[in-house]
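Notes for the structure review
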Amino acid sequence: MVSEATTLAPVPETATLVDSYTEMSEILMPNHTNNLGRALGGSVLHWMDICGAIASRRFARRQVVTASMDHVDFLAPITLGDVVTVEGYVFETGRASMDVRVTVRAERPAADERRDTATSFFTFVALDDEETPTPVPTLDCPDERQRALRDRALEQRSRRRRDLAEG
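Conventions we followed
Residues numbered from 1 in each chain as written. Predicted model: local features only at pLDDT ≥ 70, side-chain atom pairs only at ≥ 80, totals over all residues. Heavy atoms only, no water. Phe/Tyr/Trp six-rings, centres within 6.5 Å; stacked < 30°, edge-to-face > 60°. Buried < 20%, exposed > 50% of the residue type's maximum accessible area, 1.4 Å probe, protein only. Helix = DSSP H or I, 4+ residues; strand = E, 2+ residues; numbered from the N terminus. Expected span 1.5 Å × (residues − 1). Polar contact = N/O pair within 3.5 Å; in protein donor to acceptor, adjacent residues only side chain to side chain. Disulfide = S-S within 2.5 Å. 1 Å grid on protein atoms, 1.4 Å probe; cavity = no way out; pocket = protein on both sides within 12 Å on 5 of 7 lines; lining within 4 Å. Points joined across faces, edges and corners; volume = space filled by probe spheres on them. Nonpolar A, V, L, I, M, F, W, Y, C, P; charged D, E, K, R; others polar. Core = buried A, V, L, I, M, F, W, Y, C linked by side-chain atoms within 4.5 Å. Contact = heavy atoms within 4.5 Å. Pairing = 2+ DSSP bridges.

1. Considering the packing of aromatic side chains
For the coordinates displayed, the defined rule picks out two aromatic pairs. Summarising the aromatic geometry, the rings of phenylalanine 122 and phenylalanine 124 are spaced 5.9 Å apart at their centres and angled 15° between planes, so their arrangement reads as stacked. The buried category is assigned to phenylalanine 122, whose relative accessible area is 2%.

See below:
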């Protein structure tokens, strides 16, 4: 077992959406591309999972494991040399679980172009020292910006689930 620390800090009763906010950037290099010079889906999924895990760990202040990932919408290709930004934040919590919205954008700085390329919703579970599920803080969205991000994620996830059920 890999331990983060020998003594864990107490888990706060609440944490904010901003506490979890995570943004990672990469440059799409050849080892993450297919024969067309575009991002491998598996590489994008890997980055999304890492970003979601970091957001969840920041929120829960505990180790986490991926419990589920909704289907992924690949919206546009990411081309060799693009700057890839992966963004994630906790938008809903259960007793030991956290739902995280993860989005991916590609950018070509020289052309001043940005585009959304992928999105999904992940669920992570917080673990205690014995690697069993442990309670997480309640989500607090103390300002309008955080409430808007939470509400947008809840609406998008709800719409996706409805579309899949009807699909």
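Now that the structure has been shown, we can carry on.
2. Examining helix 3 (residues 144-166)
Given a rise of 1.5 Å per residue, 23 residues ought to cover 33 Å, and the 32 Å separating the end C-alpha atoms of helix 3 matches this to within 8%. Looking at helix 3, one finds that the buried residues are Gln146, Leu149, Ala153, Gln156, Arg157 and Arg160. If you check the start of helix 3, you find a side-chain oxygen 3.2 Å away from the backbone N of arginine 145, and it comes from aspartate 143.

3. Observations concerning the state of the cysteines
Applying the stated criterion to the full structure yields zero disulfides. No disulfide involves cysteine 51; its nearest neighbouring cysteine sulfur is the one of cysteine 141, lying 17 Å away.

4. Here we look at the layout of surface pockets
The gaps left among the atoms become clear once a water-sized probe is rolled over them. A volume near 300 Å³ is recorded for the largest pocket. Those elements giving two or more residues to the lining of the largest pocket turn out to be strand 5 (83-93), strand 6 (97-108), strand 7 (113-127) and helix 3. For the lining of the largest pocket, a count of residues per class yields six nonpolar, four polar and nine charged.

5. What to know about the nonpolar core
Residues Val44, Met48, Ile78, Val84, Val86, Met98 and Val104 are the most contacted members of the largest nonpolar core, which totals 35 residues. Of all elements in the fold, only helix 2 (41-60), strand 5, strand 6, strand 7 and helix 3 reach the threshold of two or more residues within this core. Excluding residues within four positions of it along the chain, isoleucine 78 makes contact with Leu28, Gly37, Arg38, Ala39, Val44, Val84, Val104, Ala106, Arg115 and Thr117.

6. Considering the pairing of strand 5
Remark: a regular strand shows side chains that alternate across the two faces of the sheet. For strand 5, the buried fraction is high: nine of the eleven residues fall into the buried class. Across six bridges, strand 2 (residues 22-27) lies against strand 5 in antiparallel orientation. In the sheet register, serine 25 faces strand 5, and the bridge partner there is threonine 85. In the sheet, strand 5 pairs with strand 6 via ten bridges, with the strands oriented antiparallel.

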